[in-house]
Each structure stands twice: as structure tokens, then as C-alpha cells.
Amino acid sequence: MEIITFVETLDHEGELLAAAAEKAGTGAEIPTCPGWRIRDLLRHTGAVHRWAAAFVAEGHTSYRPEGGLPDLDGVELVAWFRQGHRQLVDTLAGAAPDVECWHFLPAPSPLAFWARRQAHETTVHRFDAESAGGGDPSGVDAGFAADGIDELLRGFHALPRSGVRSAEPRVLRVRATDLDGAVWTVRLSAQPPAAERGDTGDAECEVAGPAAQLYLSLWNRLPFPHVTGDASLAALWRERSAVV
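First things first, this report covers the structure right here in the doc. Please read all numbers here as calculations on a predicted model, not as lab measurements.

**Digging into the nonpolar core**
- Of all hydrophobic cores here, the largest spans 55 residues; its most connected members are Leu92, Trp114, Val174 and Tyr215.
- Residue contributions to this core peak at 7 residues, all from helix 4 (residues 110–131).
- Ignoring anything within four residues of it in the chain, the contact list for Tyr215 reads His120, Thr123, Val124, Val140, Phe144, Ala145, Gly148 and Ile149.
- Membership of the second largest hydrophobic core comes to 17 residues, among which are Leu17, Ala20, Ile38 and Leu41.

Laid out in C-alpha cells, this is it:
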């Protein structure tokens, strides 16, 4: 996907998130994030947006921690979130393609990384915000969802901090049923998961479904649409895959 597509998605998803937060109210509980309310989600996502924008805008080439969370609530907190979201969108849209800055997953460029990462960050949290208000959530484009699955499996869970481990080697297949070739084979061991594109070798368990549902399932926002084989492997994913 092109950088501009990620930026446009980030723009749209952030607006949906803010609208859902306004509708639900900052005190509303978030079913998909037990223990969180809308105010927690806005503070977290707004802080991440500002943190990401600073790397690109200021060209920081080493890690810097996020800033503190604001002591705001209600309409002031929603306005603060909107301001940070707009700052991030404008920063990414106006950045030089060859900008150099710190990033933490492989990518064609730092700008490509941050545009992709923040588009997915905001989409998942938009779903969280909408879950607090009830009703049907907004959809996720299948191609974008497949990209997010790839980022999660081959990016986040390739990092040493991934908690998805198995004392015995095991193989999980992930299959998006509405896109050609959207299949991943994930090999689990005592080391970080090793995921690759394709239907390679035998798998003990397969989780499958439309890309958008599978995307949210792998982020532990929805149950897996369909599980075949050893369901304990799907359960292992859900128990240990939280990204921290």
C-alpha cells in the first residue's frame, strides 16, 4: 500500500474514533479493552499520535519515551485528541519521503513505517471506541486488513518481546478467505514466532475468515471466525499474543 493511502486511512479512522467517543461519552466502558473507559482510550491514542508525530517532525534518530497523559476529560479531552490526530496526519502528509527518524519494525522507509503503524493503531482503537457505543461498527477494507495481519504476524511477533511461545514446535495457519493469496504460516517455538506468507507445510491449526474479521481477531478484539484442527493452538494465541 502507498504511504498516501495509509495517511488517508489514518485521517478517516481518527475522525471516526473521535465521533464514537463523543457519542459514547468519556466515561463509557470499552468491552474490547476490559478495564478501560473511553477517556483511557483517548488519552492513550492521543499520546501515541503525538509521540509518533514528533519522530517524523523533529527527526529523532533514537528512541524517546512517550510524553505524559493529559489531565483532561469530557469535551476538552476529545478536543485534545482531535488536535493531536490532526497534527499527526498533517506531519505525515507533509514530510519529505526520505525523512530519517527512529522506527521499530522493518519498512521501506521511516515515513512508510509511521504512516502504516499509525493507520493500524488508530483503526483498531476506532473499533474499540465504537464498541463502547453499541450498534454495528464501521467496516475495515479487506486489503488494508490483510496488510495489518502481515504487520502483526511478521512485524510485531517477530520481535523478542512477543509472548507467543511454545516449548514444543507448533504450526498455526492464518487464512483470509476473501482475498487470493492472503495466507500466513506461523511457526511457534521457544523463540519468537516465525511467520511467512504462503500455505507452506502442514499446520496443526488453522484460523480463517474474512480479512477484516481475522484482523480484529488476531488483535484479540473478536473471536476467531473459524477454527479447524487443534483449537488449543488458537487459544494459545489469544492467551499470549497481547502486544505490550
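Additional details are given in the paragraphs that follow.
**Some details on the packing of aromatic side chains**
- Here the structure, examined in full by the defined rule, presents 16 aromatic pairs.
- One aromatic cluster in this structure is built from Trp51, Phe55, Tyr63, Trp102, Phe104, Phe113, Trp114, Phe156 and Trp219.
- Residue placement shows Arg50 over the ring face of Trp80; its charged tip is 3.8 Å from the ring centre.
- In this structure, Arg238 is placed above the aromatic ring of Phe224, and the distance from its NZ or CZ to the ring centre is 5.4 Å.

**Focus on the pairing of strand 3 (residues 194–197)**
- Examined bridge by bridge, strand 2 (residues 183–188) and strand 3 share 4 bridges and lie antiparallel to one another. Bridge assignment links Arg187 to a residue of strand 3, and that residue is Ala194.
- The loop that links strand 2 with its antiparallel partner strand 3 comprises 5 residues.

**Overview of the side chain of Arg116**
- Position of Arg116 relative to the elements: it lies in helix 4.
- For Arg116, a relative accessible area of 18% translates into the label buried.
- Within the local environment of Arg116, its side chain forms a polar contact with the side chain of Asp147, the two groups lying 2.9 Å apart.
- Leave out the neighbours within four places in its chain, and Arg116 touches Phe6, Asp147, Asp150 and Glu151.

**Describing helix 2 (residues 38–58)**
- Its 21 residues place the ends of helix 2 30 Å apart at the C-alpha level, agreeing with the 30 Å of an ideal helix rising 1.5 Å per residue.
- Looking one or two places after helix 2, you find Gly59, whose phi comes out positive at around 65°.

**Some thoughts on the packing of helix 2 against helix 4**
- One way to put it is that helix 2 packs onto helix 4 with a least axis distance of 11 Å and a crossing angle of 175°. If you check the angle between helix 2 and helix 4, you find them roughly antiparallel. Every residue of helix 4 that contacts helix 2 at Ile38, Leu41, His44, Thr45, Val48, His49, Trp51, Ala52, Phe55 and Val56 is listed here: Leu111, Trp114, Gln118, Glu121, Thr122, His125, Asp128 and Ala129.
- Here the residues of the contact of helix 2 with helix 4 sort into 10 nonpolar, 6 polar and 2 charged.

Cut-off values and rules
Residues numbered from 1 in each chain as written. Predicted model: local features only at pLDDT ≥ 70, side-chain atom pairs only at ≥ 80, totals over all residues. Heavy atoms only, no water. Core = buried A, V, L, I, M, F, W, Y, C linked by side-chain atoms within 4.5 Å. Buried < 20%, exposed > 50% of the residue type's maximum accessible area, 1.4 Å probe, protein only. Helix = DSSP H or I, 4+ residues; strand = E, 2+ residues; numbered from the N terminus. Contact = heavy atoms within 4.5 Å. Phe/Tyr/Trp six-rings, centres within 6.5 Å; stacked < 30°, edge-to-face > 60°. Lys NZ or Arg CZ within 6 Å of the ring centre and 35° of its normal. Pairing = 2+ DSSP bridges. Polar contact = N/O pair within 3.5 Å; in protein donor to acceptor, adjacent residues only side chain to side chain. Expected span 1.5 Å × (residues − 1). Axes fitted to C-alpha atoms, helices over the stretch in contact; angles between N-to-C directions. Parallel < 35°, antiparallel > 145°, perpendicular 65-115°, else oblique. Nonpolar A, V, L, I, M, F, W, Y, C, P; charged D, E, K, R; others polar.

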